[in-house]
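Listed below are the residues making up each chain.
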Amino acid sequence: MRYFFLLLGLLIFNTSTFAQDEEVQIKNALLNYINGTSYNEPKLIEKAFYSEANLFLENKEKKLWIVPIKEYQSWYKNKKQGEFNGRIGNILSIDYNNAIATAKAEILFPDKNLKYIDLFLLKKLNNEWKIISKAATIDENSDKVVADKILFIVSNAASYGTSNIPTGNSFSELVNAYDAFKDAGFTVDFVSPEGGAIPLSYVTTSDAKSMEYLYNPDFMFALKNTNKPSEIISSNYKAVHYIGGGAALFGVPENKEIQKIAMTIYEQNNGIISSVCHGTAGVVNLKTKDGNYLFKDKIVSGYPDSFEKQDAEYFKHFPFLIQKTLEDRGATFKFSERNTSHVEVDGNLITGQNYLSSKDVALKIIENLNNRKTK
C-alpha cells in the first residue's frame, strides 16, 4: 500500500480570505432558501432569490415544470411560519468565479423516503448574492432517506503540536465511516475547532474506496468547508463521531465548544458518542452534568499506548497518552492485536481500536439508531 499526507497548505484547499468571504455570502443565500422552505418562511425565500428568478422543477405530469419565484413563495404563505415541516436541506458544493456561482444541494423528505438534488445558478447583484435560477430532480439512486444526522468531529492540526512533523485526519477512517452512513441513508456533517479546510493523512491510493472519495467533489467540498462549533445546532444530531489520525490529539480534546456539543447530543438528545483510533483522544475530557467523566466505569477502545512508536520523534509531542488518561479517569480500556478490528459498545458510547474498526463502529451506531425506531 502507498500512503501520503495531504496537508492544509498543499491540498487544493489553499483558499484566500477573500474567497472564503465570498463563499460565506453564497452559503448564506442558499441557507435563506433552505431555511425558508424548511420552516415556512416566505420572506427568507424572497431574500434568497432574484425577483424575476424561475425554478425548473418536475412533477408527475411534467418533466419540465417552470415556476416563477413569486408563485413558489406563495406555496409557503398559508403554512405555519417558523414551524419545521420535515424538509431537510444540505449544501453539497459551491463553485464561483467573479460575480457568478453554481451550487448543489440535497433536499430530503424522510417521511416520503424521497431525495431531490437542487442545482443553482447565482449572480452577485448590487453587492449581494442572489439565486437567479434553480433546477431540481428526484435522486433515483437513493434507496433510503432518514432524518437522523451524524456529526463527524475532525481537527485542523497539520503537525504534532509545535513541531514541523506533519499529521492530519485519517482519510481511510473518514471514508469508511462516511460511506457506511451514507449507504444507510444518513446525513453527515463535519465540525472542526476552527472550521474550514482540514489536513488529511494516510490517503491510500491503492484502495478503491479511498480513490472514489478522493475524486468525489461533494465529499471533498465538505472537508474543505467544515463547520465551526458556533454553526452547529446540537439538536439536529443523533450521534457524534471523533475521527482519528495524529491530528485528533490537538485542538479537539481541549475545545470547550466541541465538548458542549458532544455532551448536549449525548445527554439531551439521547445521542451516541463514538470514536475510532486516535479519535478517542477527543473523549478524554468529556464530563456529564453531574461532573463525572462520561466514560467512568465504562469500556472504551482506541489506539493503545503500547502500539505507539515510543522512541519516535512524533511521540515526544503527544500532549497526553490516550489509554493511560482514560484508565486513570475510571475507564476500562480494551483492544485486540494489531491490524484487527475491535469495537466496544457500552450503552451510547461506541469506540473502535483502529482504522480497520471505522466501518464497524459506524455499523454499530446505525444498528443502535435503527433499533430505536422498531421499539
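Rules used throughout
- Residues numbered from 1 in each chain as written.
- Predicted model: local features only at pLDDT ≥ 70, side-chain atom pairs only at ≥ 80, totals over all residues.
- Heavy atoms only, no water.
- Core = buried A, V, L, I, M, F, W, Y, C linked by side-chain atoms within 4.5 Å.
- Buried < 20%, exposed > 50% of the residue type's maximum accessible area, 1.4 Å probe, protein only.
- Helix = DSSP H or I, 4+ residues; strand = E, 2+ residues; numbered from the N terminus.
- Contact = heavy atoms within 4.5 Å.
- Axes fitted to C-alpha atoms, helices over the stretch in contact; angles between N-to-C directions.
- Parallel < 35°, antiparallel > 145°, perpendicular 65-115°, else oblique.
- Left-handed = near helix turned anticlockwise from the far one by under 90°.
- Phe/Tyr/Trp six-rings, centres within 6.5 Å; stacked < 30°, edge-to-face > 60°.
- Lys NZ or Arg CZ within 6 Å of the ring centre and 35° of its normal.

## A look at the nonpolar core
No. 1: Within the largest apolar cluster, 38 residues are counted, with the highest numbers of intra-cluster contacts made by Val-240, Tyr-242, Ile-273, Leu-286, Leu-294 and Leu-326.
No. 2: Looking at this core, the elements with two or more residues in it are β8 (149-153), β12 (237-242), α7 (256-268) and α8 (322-328).
No. 3: Considering every element that reaches this core, the biggest residue donor is α7, with 6 residues.
No. 4: Contact partners of Leu-286, with chain neighbours within four places excluded, come to Tyr-242, Gln-259, Ala-262, Met-263, Ile-273, Asn-292, Tyr-293, Leu-294 and Phe-295.

## Details of the packing of helix α4 (residues 171-183) against helix α6 (residues 217-224)
No. 1: Where α4 meets α6, the axes come as close as 13 Å, and the angle between the chain directions of the two elements is 125°. By the angle class used here, α4 and α6 are oblique. The interaxial crossing formed by α4 with α6 has right-handed handedness. Between α4 and α6, the contacting residues are Phe-171, Leu-174, Val-175 and Tyr-178 on the first element and Phe-219, Met-220 and Leu-223 on the second.

## Quick look at the packing of aromatic side chains
No. 1: All chains considered together, the criterion is met by 26 aromatic pairs.
No. 2: Where Tyr-314 meets Phe-318, the ring centres are 5.7 Å apart and the plane angle is 55°; that geometry is what we call tilted.
No. 3: Taking relative accessible area as the criterion, Tyr-314 reaches 18% and is therefore assigned buried.
No. 4: The exposure class assigned to Phe-318 is buried, which follows from its relative accessible area of 13%.
No. 5: One Lys or Arg, Lys-79, reaches over the ring of Tyr-76 and ends 5.0 Å from the middle of that ring.
No. 6: One cation-aromatic arrangement involves Lys-287 over Tyr-293; the distance from NZ or CZ to the ring centre is 4.9 Å.

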